[in-house]
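The chain contents come next:
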Amino acid sequence: MTVLPRLLFGDNQFFGVNHMSEERARAQAMRFSTTRSMIDVLEAAYDEGIRAFMCTTHERIAEICQHVREHPAQYADFQFYPCMPYGVKYANAVTEHGLIGALKRFLPTEGVLGALVKGGFAVATRDVKGIGELLIDAEMKMFHGLNTPVIFLQNLVTDLLLGLGMHEALRIFAEHVRRRYQAEPGYITMNLPRLLDVLDALGLDNPIVCANINKAGFRMCGGIAAYEKAIATRRFQPIAMSVMASGAIPPREALEYVCAQPNIRSIVFGASGRANIRETRALVQELSRRAPHPLQAVAA
């Protein structure tokens, strides 16, 4: 079983994602308009002891992946936690190239002919398993040769599959990630209680699940009480995101709440500079020591 690090560094700030403030989102997008600006912040996080980068499969992440591949000694123990799919990328590709053209555009370089044949057949026969596996491989292409111990399905797809009742697709994702990439599957959701029920029914034991967990109940479908009960009583590995509710909760107050919840394995956070990274790491380290339950240690 993968030992999850206590802190995961996220990438929302790099791509202008802020669920509370469009103005702040635009300012962040402008600040990180170059790959070098993103790498500088990642290196600051690395210097502060954070070794895990939870990122979307945005096309610009491929440039970061290439930089890490080109400097293996500098990033010897660096881990990527890919989150797929990046929906905008596919929507734009389908609009421009059509469904088959979009699939071909994102095919992995390994076994192109076989992938083409498999992809064409899958689309023609509506083979969900074949399409799903092909798209996972396409998304993972940019991470070739890098350490990816956990691979996540974005809430965009996770919650859509929940709503449509296409639960078997969640198992297909898990099996393919384990078999092809020797990685643990993870799921991102906005409806933690419902997802846990479905994963239990599928027989997916002790799954890694990332969800909004914050004092304000921000984007927590089912309510805070249901989340707190699930975290305390259900068998799964919780990862908390949006802990500060996109800036609505002050850092100490936000982290005090999250660190007080039993069994939370990891906390995802984003930051635009070294000072914020250092402050968050120090707060989590301090508050985790106070917690009345065992937690993964913050990297020294």
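Residues numbered from 1 in each chain as written. Predicted model: local features only at pLDDT ≥ 70, side-chain atom pairs only at ≥ 80, totals over all residues. Heavy atoms only, no water.

Attention now goes to the overall build of the protein chain. Check the secondary structure of the protein chain and you find 12 helices and eight strands. For the protein chain, the proportion of contacts with a sequence separation of at least 24, taken over those separated by at least 6, is 75%. Approximately 13800 Å² of the protein chain is accessible, and the part contributed by carbon and sulfur atoms is 55%. (Helix = DSSP H or I, 4+ residues; strand = E, 2+ residues; numbered from the N terminus. Contact = heavy atoms within 4.5 Å. Areas by Shrake-Rupley, 256 points an atom, 1.4 Å probe, with all protein chains shown as cover.)

With that settled, the discussion passes to helix α9 (residues 192–201). Every buried residue of α9 is accounted for by L192, P193, L195, L196, V198 and L199. Buried residues along α9 sit in contact with α7 (155–164), α8 (168–181), β5 (184–189), β6 (208–212) and α10 (224–233). Looking at where α9 begins, the residue whose side-chain oxygen comes 3.3 Å from the main-chain nitrogen of R194 is N191. Following α9 by one or two positions, G203 has its phi on the positive side, about 80 degrees. (Buried < 20%, exposed > 50% of the residue type's maximum accessible area, 1.4 Å probe, protein only. Polar contact = N/O pair within 3.5 Å; in protein donor to acceptor, adjacent residues only side chain to side chain.)

Relative to the helices and strands, T189 resides in strand β5. For T189, the side chain forms a polar contact with the side chain of D159, separated by 2.6 Å. Excluding anything up to four places from it in sequence, T189 contacts N155, T158, D159, L162, L195, V209, C210, A211, N212 and M241.

Attention now moves to the pattern of salt bridges. Evaluated as defined, the whole model comprises 16 salt bridges. In this structure, R36 engages D40 in a salt bridge whose closest nitrogen and oxygen atoms are separated by 2.9 Å. In this pair, R36 and D40 both sit in helix α2 (residues 35–47), four residues apart, roughly one turn of the helix. Across the pair R179 and E133 runs a salt bridge, and its minimum N-O distance is 3.2 Å. Residue R179 is located in helix α8, and its partner E133 is located in helix α6 (residues 128–140); the two are separated by 46 residues in the primary sequence. (Salt bridge = Lys/Arg side-chain N within 4 Å of Asp/Glu carboxyl O.)

Next up on the list: the pairing of strand β3 (residues 79–84). Each regular strand carries side chains that alternate between the two faces of the sheet. Across the six residues that make up β3, a large majority, five, are buried. Following the backbone out of strand β2 (residues 52–56), through helix α3 (residues 61–70) and into the adjacent parallel β3, one traces a crossover that is right-handed. Inspection of the sheet shows β3 paired to strand β4 (residues 150–153) by two bridges, in the parallel sense. In the sheet register, M84 faces β4, and the bridge partner there is L153. (Right-handed = clockwise from strand over helix to strand, strands pointing away. Pairing = 2+ DSSP bridges.)

Turning to empty space enclosed by the protein, a few remarks are in order. This structure, assessed with the given rule, holds one cavity of 30 Å³ or more. If you add up the space inside the largest cavity, you get close to 50 Å³. Around the largest cavity, the lining residues are A174, R178, E184, P185, Y187, L204, D205, N206, P207 and I208. When residues of the lining of the largest cavity are traced back to their parent elements, those giving at least two are α8 and β5. For the lining of the largest cavity, the element with the most residues is β5, which contributes three residues. Here the lining of the largest cavity is composed, by residue class, of six nonpolar, one polar and three charged. (1 Å grid on protein atoms, 1.4 Å probe; cavity = no way out; pocket = protein on both sides within 12 Å on 5 of 7 lines; lining within 4 Å. Points joined across faces, edges and corners; volume = space filled by probe spheres on them. Nonpolar A, V, L, I, M, F, W, Y, C, P; charged D, E, K, R; others polar.)

We now examine the packing of α2 against α3. Contact geometry of α2 with α3 gives a least axis separation of 10 Å together with a crossing angle of 60 degrees. Looking at the two axes, α2 sits oblique to α3. The two elements α2 and α3 cross, and the hand of that crossing is right-handed. Facing T35, R36, M38, I39, L42 and E43 of α2, the residues of α3 in contact are E63, I64 and H67. The residue makeup of the contact of α2 with α3, split by class, is four nonpolar, two polar and three charged. (Axes fitted to C-alpha atoms, helices over the stretch in contact; angles between N-to-C directions. Parallel < 35°, antiparallel > 145°, perpendicular 65-115°, else oblique. Left-handed = near helix turned anticlockwise from the far one by under 90°.)

Among the nonpolar cores identified, the biggest contains 69 residues, and F9, F53, F80 and L170 are the most heavily contacted of them. Ranked by residues supplied to this core, first place goes to α2 with seven residues. In this view, L170 contacts L153, T158, L161, L162, Y187, L195, V198, L199, L202 and L204; residues no more than four positions away in its chain are not counted. F152, M190, I208 and C210 belong to the second-largest nonpolar core, a separate cluster that totals 15 residues. (Core = buried A, V, L, I, M, F, W, Y, C linked by side-chain atoms within 4.5 Å.)

On inspection of all chains with the given rule, the structure shows zero disulfides. Considering cysteine sulfurs only, C65 is the nearest to C55, which forms no disulfide, with 6.1 Å between them. (Disulfide = S-S within 2.5 Å.)

This part takes up the packing of aromatic side chains. One pass over the structure, following the stated rule, counts 13 aromatic pairs. Aromatic ring contacts, followed pair by pair, group F9, F14, F32, Y46, F53, Y75, F78, F80, F143 and F269 into a single cluster. When the ring centre of Y46 is taken as reference, the NZ or CZ atom of R51 above it lies at 3.8 Å. (Phe/Tyr/Trp six-rings, centres within 6.5 Å; stacked < 30°, edge-to-face > 60°. Lys NZ or Arg CZ within 6 Å of the ring centre and 35° of its normal.)

Below, the discussion takes up unusual backbone geometry. Cis rather than trans, the peptide bond between M84 and P85 has omega equal to -5 degrees. You can see P85 is positioned in the loop between β3 and α4 (87–105). Phi at A245 is positive, roughly 55 degrees, even though this residue is not glycine. Structurally, A245 can be placed in the loop between β7 (237–241) and α11 (251–260). Positive phi values are uncommon outside glycine, yet S246 reaches one of about 55 degrees. Along the chain, the position of S246 falls in the loop between β7 and α11.

Note that all results are geometric; they support no functional claim without further evidence.
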